[in-house]
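Results of the structural survey
Take a look at the letters that make up each chain.
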Amino acid sequence: MPALADHRNETRDALARRLCDEFASFPSDAVHRCVADVQACMAHLGLETTPDRVERMAREQLTGILKSRPPSGRGPDGDVSG
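Basis of the calculations
- Residues numbered from 1 in each chain as written.
- Predicted model: local features only at pLDDT ≥ 70, side-chain atom pairs only at ≥ 80, totals over all residues.
- Heavy atoms only, no water.
- Helix = DSSP H or I, 4+ residues; strand = E, 2+ residues; numbered from the N terminus.
- Buried < 20%, exposed > 50% of the residue type's maximum accessible area, 1.4 Å probe, protein only.
- Contact = heavy atoms within 4.5 Å.
- Disulfide = S-S within 2.5 Å.
- Salt bridge = Lys/Arg side-chain N within 4 Å of Asp/Glu carboxyl O.

This part covers the environment of Phe23. Take Phe23: it is sitting in the loop between α1 (2–22) and α2 (28–44). Looking at Phe23, the relative accessible area reads 6%, which means it is buried. Taking the C-alpha atoms as reference points, Phe23 and Leu66, 43 residues apart in sequence, are found 8.9 Å from one another. Aside from chain neighbours lying at most four places away, what touches Phe23 is Arg59, Leu62, Thr63 and Leu66.

Before going further, it helps to examine the state of the cysteines. Note on terminology: a disulfide is the covalent bond linking the sulfur atoms of two cysteines. Counted by the stated rule, this structure contains zero disulfides. As a non-bridged cysteine, Cys34 has Cys41 as the owner of its nearest cysteine sulfur, 9.5 Å distant.

Per the counting criterion, the structure on display carries three salt bridges. A salt bridge links Glu55 to Arg59; the shortest N-O distance between them is 3.0 Å. With Glu55 and Arg59 both in helix α3 (residues 51–68) and four residues apart, the pair spans about one turn of that helix. Taking relative accessible area as the criterion, Glu55 reaches 10% and is therefore assigned buried. For Arg59, a relative accessible area of 26% gives the class partly exposed. In this structure, a network of salt bridges that share partners links the residues Arg18, Glu22, Glu55 and Arg59.

Okay, here's the thing in structure tokens:
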């Protein structure tokens, strides 16, 4: 069973790295945590946690966070930190 867990971690890390590139204004640990949380929530709900689904849901979460911040709260380059 450890081999399966290692594969899942590798897949999750690859998804997180891809999303880190896309959402560079987020701290990388926040993106990794988002991917892990999405995967855990989907599994808890009994949904199939395919890499495509996890990536799509994590992207939606990160996009929602990015867009929920008012323009006055963003940095001059769109940075969402702080």
